[in-house]
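A structural walkthrough
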Amino acid sequence: MPSLGRLRRIVQDVSGASTLDESLRLISDQVKDVMSVDVCSIYLMDADRGDLVLMCTQGLDPGSVGNVRMPIGDGLVGTIAERQQVLKTDDALQHPSFHYFPETNEELFHAFLGVPIVHYRQVVGVLVVQQQESRQFDSEHEAFLVTVAAQLAGTLSHAINSGKVSNLLKGRKKANTHIDGIVGSSGIGIGKVVRAGGSISFKDVDEVCALDKDAELLSFKRALVAVGKELDQGHQQMADTPGDVQAIFDAYRLILESDDLQVAIRNRIYDGLIAPAALKSVIEEHAAIFEEMDDPYFQARGEDIRNIGLRILRYLVEPNAKPNEYGQPVILIGDVVSVSDIAEVPAEKLAGIVCQQGSALSHTAILAGALGVPAVMGVGKLPLRMLAGQSGIVDGYRGRVYFQPSSALMAEYIRLVRQESEFDRALDKLRHLPGETRDGYRLSLMVNTGLLADISPGLEKGAEGIGLYRTEIPFMIHDSFPSEEEQYRLYRKVLKDFYPRPVTMRTLDIGGDKPLPYFPVNEDNPYLGWRGIRFTLDHPEIFSGQLRAMLRASKGLENLKILLPMVSSVDEVDAFLLLLDKSVASLKEEGVEVNRPPIGVMIEVPSTMFLLDFLAERVDFLSIGTNDLTQYLLAVDRNNDQVARLFSRLHPSVVRALHLIVEKSRKLDLNVSLCGELAADPAAVLLLLGLGVDSLSMNAHGLPRIKHVIRSFKKSDTEQLLAEALKLGSEKEIRSLLNNALEDAGLGGLIRSGV
Ligand code: PEP
Ligand code: MG
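Definitions and limits used
- Residues numbered from 1 in each chain as written.
- Chains lettered and ligands numbered in written order.
- Predicted model: local features only at pLDDT ≥ 70, side-chain atom pairs only at ≥ 80, totals over all residues.
- Heavy atoms only, no water.
- Helix = DSSP H or I, 4+ residues; strand = E, 2+ residues; numbered from the N terminus.
- Buried < 20%, exposed > 50% of the residue type's maximum accessible area, 1.4 Å probe, protein only.
- Contact = heavy atoms within 4.5 Å.
- Areas by Shrake-Rupley, 256 points an atom, 1.4 Å probe, with all protein chains shown as cover.
- Lys, Arg positive; Asp, Glu negative; His and termini not counted.
- Charge placed at Lys NZ, Arg CZ, Asp CG, Glu CD.
- Pairing = 2+ DSSP bridges.
- Core = buried A, V, L, I, M, F, W, Y, C linked by side-chain atoms within 4.5 Å.
- Polar contact = N/O pair within 3.5 Å; in protein donor to acceptor, adjacent residues only side chain to side chain.
- Domains from an automatic or database assignment.
- Salt bridge = Lys/Arg side-chain N within 4 Å of Asp/Glu carboxyl O.
- Nonpolar A, V, L, I, M, F, W, Y, C, P; charged D, E, K, R; others polar.

**Considering the overall build of the protein chain**
In terms of helices and strands, the protein chain carries 27 helices and 22 strands. Once the C-alpha set of the protein chain is aligned to its principal axes, its extents read approximately 90 × 75 × 50 Å. Sorting the 755 residues of the protein chain into buried and exposed places 54% on the buried side. Sequence separation of 24 or more characterises 66% of the internal contacts of the protein chain that already satisfy a separation of 6 or more. Just so you have it, the protein chain exposes about 32200 Å², and 49% of that area is on carbon and sulfur atoms. Between the averaged position of the 79 positive side-chain charges in the protein chain and that of its 101 negative side-chain charges there is a distance of 5 Å.

Right, dumping it as structure tokens:
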């Protein structure tokens, strides 16, 4: 009987395959072998023609591959796809749905078991086994085949997409082939595809013995020096970018200068390998250690090691390599795109970034966001060599990339880019105007920041202050907890740059999806675990260092407000207030007189919605964090792409929760702001206006558009919309109500980019 071990091997082998054909062959070979059947075939959906085509078979006539096509609902295979159900019969030939194709020799096979391959509710294909003798496949066979299909659906769907890209480039197909990934940084970029780090890849490096060890050692040493210089140059070119972006260069330098890596590579050269082969084996080993960790932050560090490895390899293979010339806008594409790859392209020429690997947490995504360059991460395997030189579109709103787009699609995206920049230019005139409705209701419009890079865009867009400064980002790209002094310098700069506007600094909110590389925590449910204030209260030495740095930084400016993340009970607030008093007192003892700033609580754990009267006795303001509030209210992990469709920002329960919070806060005379992504969603803003929140905080990019929405409506109209929305039972209905209102106000163009 098929074992779990065999199942794992099939899945592993298939995910290691480099082409769709290889994946299909591996599946059919191994399933046929494990299940001891006469035939295993795979049919895949041809989305363009709307039917299923036989893509691979072990057992039927090989000539039938590509020729047998089955419309949905037709034949046994089409029936399986239509019903999305398993079908088994001891004699296929007698089955009423059987459709005979003479080219297959199928008449020889009687027993039939077929299962649909389904990825996110969409049929990708059908997996079939057949046997000559007439017999019923048993439930264990059925369970095994269903499991194989379910496990491979995602991999196959990805392989189909990248196969489509290859076919397109071979000129077989002219369509707007796209590939989907994870949003790394929003925006739209159009340009020529350029392979990051040139055409060098570890794949081309063979394990060859060195003829002259000393020469290999020397070339390795020279490559290290060259990469060091390149990092220095990149560092200088990025001099205008924030200190935390520059910290990324420091992280690269640490890897480059790491004794562990250098000694291991030298040893392998001593053992007889050429330098590129020694480098390849050490880099792959070290990167794999990180990549096998569950934690996305550590996985991203594996990416950094590979980046540096490829840089060194480039100089080993082409010792006189020169930087590329960039005449036209480029889309940098690579397995990973390193910070130095980015630094190599003049800022005005960098139109987009596409990474085969990586997550929204990788340094590349952080940097792309800070630089305002659209980026799509984690797109999976692509034929990079073939893509270089082609034209492409990076849609960073949808996490989608188009290669060789048709002229109609290209024209549409060019129109969108123009429209966006014209619209943004037109909105510039709103810069000095308040966020005020047509009937005189005013709310403050603030920015969310975390990188120093967001500071100037925030000011340029007319932000009235910082509504959320996420202090954990600088903590995340350091190699140890930053000292009080380091934090003081950073906070002082932020407070000064924004002075006299208010700056709301949130205390450290690590945990969940924001682990610290130097302080690993192993938890089964990190979002329900040691996060935010739970962590900092348990580490008063770290917490008071941060509080002291904030208090000192605000001295003389007095524009600081402190915000507490992940509060779930008033005890936590009381414990914090004690610590705050102690920090103020300790500074006083040192001769530094500081004022106690306004204190606020994030309303993001649902329990706090029912504690508002107790909180009102203790704090000065509230800030609703809809990212987490939605996650906890709906029990949907905000970072899990498998359930991303269930993360409804305007779910009726979310709307009702917001209603409850704002109504109650008003009665308690508590100032209430909203700083989750919802604040940048034009449709949602109509409801927030109706509710009467005091301020909204969002990324700088979204601010002018939201101001425009606010200035286009009357508060009384939005109150009406809110009353109607509160009667609706689904996000779909709520969205359509709000989108209609946007359309009627002539703001239909904002519907797409706001979400
Ligand atoms: C939130 O949860 O809505 C929020 C603003 O904080 P973060 O996204 O940093 O958790
Ligand atoms: Mg939060």
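Resuming the write-up.
**Observations regarding the pairing of strand 15 (residues 444–449)**
Burial within strand 15 is extensive, with five of its six residues counted as buried. Relative to strand 22 (residues 695–698), strand 15 runs parallel, the two being bridged by four bridges. Residue pairing across strands places Val-447 opposite Met-698, the latter belonging to strand 22.

**Notes on the nonpolar core**
Core analysis: the largest hydrophobic core is formed by 93 residues, its most contacted members being Met-505, Phe-576, Val-601, Ile-603, Leu-615, Ile-624 and Leu-696. Those residues in contact with Ile-624, other than ones at most four positions away along the chain, are Ile-603, Leu-629, Leu-658, Ile-661, Val-662, Val-672, Ser-673, Leu-674, Cys-675 and Gly-676. In terms of nonpolar packing, the next biggest core, distinct from the first, is built from 53 residues, Phe-249, Ile-312, Val-337 and Val-339 among them.

**Some thoughts on the side chain of Thr-89**
Inspection of the secondary structure puts Thr-89 in strand 4 (residues 87–89). For Thr-89, a relative accessible area of 8% puts it in the buried group. In terms of polar contacts, Thr-89 uses its side chain to reach the backbone amide nitrogen of Asp-91, at 3.1 Å. Contact partners of Thr-89, with chain neighbours within four places excluded, come to His-95, His-110, Ala-111, Phe-112, Arg-135 and Gln-136.

**With respect to the domain arrangement of the protein chain**
Domain boundaries assigned for the protein chain yield domain 1 (4–162) and domain 2 (179–416). The C-alpha-based centres of domain 1 and domain 2 are spaced at 38 Å. On the domain 2 side, the residues contacting the seven residues of domain 1 number eight residues. The interface formed by domain 1 and domain 2 includes zero salt bridges. Joining domain 1 to domain 2, the criterion identifies zero residue pairs in polar contact (both at pLDDT 80 or more). For the side of domain 1 that touches domain 2, a count of residues per class yields one nonpolar, six polar and no charged.

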